[in-house]
Amino acid sequence: MIPSALEHVQEIASPNHRVAVFLDYDGTLTPIVCHPEDAWLSESMRDVLRELGAQALIAILSGRDLDDVRRRVDLDGIVYAGSHGFDIAGPGGLCRQLGAEYLSILDTAEKELRQALDEIPGAQLERKRFSVAAHYRNVNKNDVLMLARAVEAVAARHPELRRINGKKVYELLPDIDWDKGKAVIWLMESLGLDRENVRPIYLGDDTTDEDAFRALEHRGVGILVTDESQLTAARYSLKNPTEAEDFLRALSVRVGAVKL
């Protein structure tokens, strides 16, 4: 078990550091739901992000498409990174895309996987710009192996793609040495935040967020959002998005007090 971030806000946001806040979306800012299209940000969470964003950098790093996560958060002045960091945009013309040369391969993989998943009740295929996701949250447990084998077969036919595993989802994306951790480091460097007086804080709930926790293990703070005990590179934990909102609110107050 790792300590609660709510009990260590003063330690996390010390007077000697500016903070830069990096956030996953699903499972961190919003609860996990049966259908991804139903995961909308609450107004109270949006208000907290707006307040914190007036005092510190905020970046949302999601597996969702860039336009999708930007529409759901609906706040100006913050950085958005979609497709696990493959598609980044932010204020001042900040922009980076990786994997455009893989789009036709993803198109083919999508068609093959859609055909295979049509035979599995409850399976949901989601095409994003830089990935193809096969959700099995609503699949009978006896059919999950069939879905996994279908994804693996498509991946085997397209070695230019790699598979990642998330919460009740398998995803195919370009086989490029890039992940949320590398995206965070790139953002820190690009925004001039790669300095000793800046403390990056990353909140996430999924296996893809572990890349960011590891990237910041010796230079920042990782916070795992989960109510389960599991191995993680994060230093602190929060039980759920409700606690994440409470933490971000407390962090905003703390950052404001430090500035005063």
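Structure's up top.
Residues numbered from 1 in each chain as written. Predicted model: local features only at pLDDT ≥ 70, side-chain atom pairs only at ≥ 80, totals over all residues. Heavy atoms only, no water.

Caption draft 1: How the structure looks around the packing of aromatic side chains. What the rule picks out here adds up to two aromatic pairs. With a centroid separation of 5.7 Å and 85° between ring planes, the pair formed by Tyr 202 and Phe 213 is classed as edge-to-face. Taken as a pair, Tyr 202 in strand β10 (residues 198-204) and Phe 213 in helix α7 (residues 210-215) lie far apart in primary sequence, eleven residues in all. Taking the relative accessible area as the measure of exposure, Tyr 202 reaches 0% and is therefore buried. If you follow Arg 72 out to its NZ or CZ, it ends over the ring of Trp 40, 4.1 Å from the centre. (Phe/Tyr/Trp six-rings, centres within 6.5 Å; stacked < 30°, edge-to-face > 60°. Helix = DSSP H or I, 4+ residues; strand = E, 2+ residues; numbered from the N terminus. Buried < 20%, exposed > 50% of the residue type's maximum accessible area, 1.4 Å probe, protein only. Lys NZ or Arg CZ within 6 Å of the ring centre and 35° of its normal.)

Caption draft 2: Geometry of the sheet that holds strand β9 (residues 169-174). Pairing within the open sheet is antiparallel, and its four strands lie in the order β6-β7-β9-β8. Each edge of the sheet is formed by a strand with only one pairing partner; in this case those strands are β6 (124-128) and β8 (161-166). Going across the sheet, the axis of each strand differs from the next one's by a mean of 20°, ignoring polarity. Bridge count between β6 and strand β7 (residues 131-135): five bridges; the pairing is antiparallel. Opposite Glu 126, over in β7, you have Ala 133 as the bridge partner. Against the sheet, helix α4 (residues 103-117) engages β6, β7, β8 and β9, with an angle of about 170° to β6. Set on the sheet, helix α5 (residues 144-157) makes contact with β7, β8 and β9; between it and β9 the angle comes to about 10°. (Pairing = 2+ DSSP bridges. Axes fitted to C-alpha atoms, helices over the stretch in contact; angles between N-to-C directions. Contact = heavy atoms within 4.5 Å.)

Caption draft 3: Geometry of α4. Helix length check: α4, at 15 residues, gives a terminal C-alpha distance of 20 Å against a target of 21 Å (1.5 Å per residue), a fit within 8%. Residues of α4 that are buried: Leu 103, Ile 105, Leu 106, Ala 109, Glu 110, Leu 113 and Leu 117. Seen end-on, α4 carries its buried residues on one side only, within an arc spanning 140°. Among the exposed residues of α4, those oriented more than 90 degrees off its buried face are Lys 111 and Gln 115. Check the buried side of α4 and you find it contacts β6, β7, α5, β8 and β9. (Expected span 1.5 Å × (residues − 1). Arc of directions from axis to C-beta.)

Caption draft 4: Representation of the pattern of salt bridges. On inspection of all chains with the given rule, the structure shows 22 salt bridges. Asp 68 is paired through a salt bridge with Arg 71; the nearest N and O atoms lie 3.1 Å apart. With a gap of three residues between them, Asp 68 and Arg 71 both fall in helix α3 (residues 66-73), about one helical turn apart. Linking Asp 107 and Arg 127 is a salt bridge whose minimum nitrogen-to-oxygen distance equals 2.6 Å. On the criterion of sequence distance, the pair formed by Asp 107 in helix α4 and Arg 127 in strand β6 is long-range, its members being 20 residues apart. For Asp 107, a relative accessible area of 34% puts it in the partly exposed group. Among the charged side chains, a network of salt bridges with common partners joins Asp 26, Arg 64, Asp 68, Arg 71 and Arg 72. (Salt bridge = Lys/Arg side-chain N within 4 Å of Asp/Glu carboxyl O.)

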